[in-house]
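The residues making up each chain are set out below.
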Amino acid sequence: MATWNHILLIDSNSPLMEQLNFFHDHTLLIITLITILVGYNMLSLLTNSFINRFLLHGQLIEIIWTILPAIILLFIAFPSLRLLYLLDETNKPSLTLKSIGHQWYWSYEYSDFKNIEFDSYMVPSAELNEGDFRLLDVDNRIILPNHTQIRLIATATDVIHSWTVPSLGVKIDATPGRLNQTNFYMNRSGLFFG
């Protein structure tokens, strides 16, 4: 769970979130290298006089600074597209959870079982026990198995809601009149907030 002094991303609990963390680190490395290169060039412009008669025509350098950004963008685009397809792929789910967003609470249905549905309300601040998290704890938590492919179907009754669990790498919009689907897989058991 993230706290006020947390700098890095949340510890991942699913293979998809691990891939998202790797992509974040990959892109951050590329951005850092670009920033260092541009900073070095700006600093060298301030400190050098650049008196050279061959600097008037530089077709080779123009070709390099045109092609190099395109290559850098490909190094970002290919892992990004791979990750987008991984996030959208559904592999034979063992359990289906239907989540219905209401104005102040969520309703859940385990579609694979008969008549298992409940509402989940946020615990008011006055009723919190010591160690509970304000605006995160609910009265009825979802209980899901780990090492199982889970499909989540989300919809809403009134306005657009967002169902998200950051440590699982899951974020889906619940829109009235529409069923949205995503899937996730939990590596370990625990209490995960979203």
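Residues numbered from 1 in each chain as written. Predicted model: local features only at pLDDT ≥ 70, side-chain atom pairs only at ≥ 80, totals over all residues. Heavy atoms only, no water.

Asker: Is there a simple way to explain the domain arrangement of the chain in this structure?
Answerer: Split into domains, the chain comes out as domain 1 (15–49 + 56–88) and domain 2 (95–186). Inter-centroid distance (C-alpha atoms) of domain 1 to domain 2 is 38 Å. Taking both partners together, domain 1 and domain 2 bury about 410 Å²; carbon and sulfur atoms supply 56% of that area. For domain 1, the biggest contributors to the area lost against domain 2 are Pro15, Leu16 and Met17; these three give 71% of the whole. (Domains from an automatic or database assignment. Buried area = accessible area lost by both parts, 1.4 Å probe.)

Asker: Mind showing me how you'd approach the sheet that holds strand β2 (residues 105–110) here?
Answerer: Consider a sheet: its strands pair through backbone hydrogen bonds, and that pairing is either parallel or antiparallel. Overall, mixed pairing links the 5 strands, which are arranged β3-β2-β1-β4-β7 in an open sheet. Two strands lie at the open edges of the sheet, namely β3 (117–121) and β7 (180–185), each paired on one side alone. When strand polarity is set aside, the average angle formed by the axes of neighbouring strands in this sheet is 25°. Pairing of strand β1 (residues 95–101) with strand β4 (residues 149–156), which is carried by 7 bridges, proceeds in the parallel orientation. Among the inter-strand pairings, Gly101 is bridged to a residue of β4, identified as Ala156. (Pairing = 2+ DSSP bridges. Helix = DSSP H or I, 4+ residues; strand = E, 2+ residues; numbered from the N terminus. Axes fitted to C-alpha atoms, helices over the stretch in contact; angles between N-to-C directions.)

Asker: Can you walk me through the packing of aromatic side chains in this structure?
Answerer: Two numbers describe a pair of aromatic rings. These are the distance of the centres and the angle of the planes. By the definition in use, this model includes 5 aromatic pairs. Ring centres of Tyr110 and Phe118 lie 6.2 Å apart, and the angle between their planes is 35°; on these two criteria the pair is classed as tilted. Here Tyr110 falls in the buried class, since its relative accessible area comes to 9%. Ring centres 5.2 Å apart and planes at 75° place the aromatic pair Phe133 and Phe193 in the edge-to-face group. Residue Phe133 is located in the loop between β3 and β4, and its partner Phe193 is located in the segment after β7; the two are separated by 60 residues in the primary sequence. Take Phe133: its relative accessible area is 35%, and that puts it in the partly exposed class. (Phe/Tyr/Trp six-rings, centres within 6.5 Å; stacked < 30°, edge-to-face > 60°. Buried < 20%, exposed > 50% of the residue type's maximum accessible area, 1.4 Å probe, protein only.)

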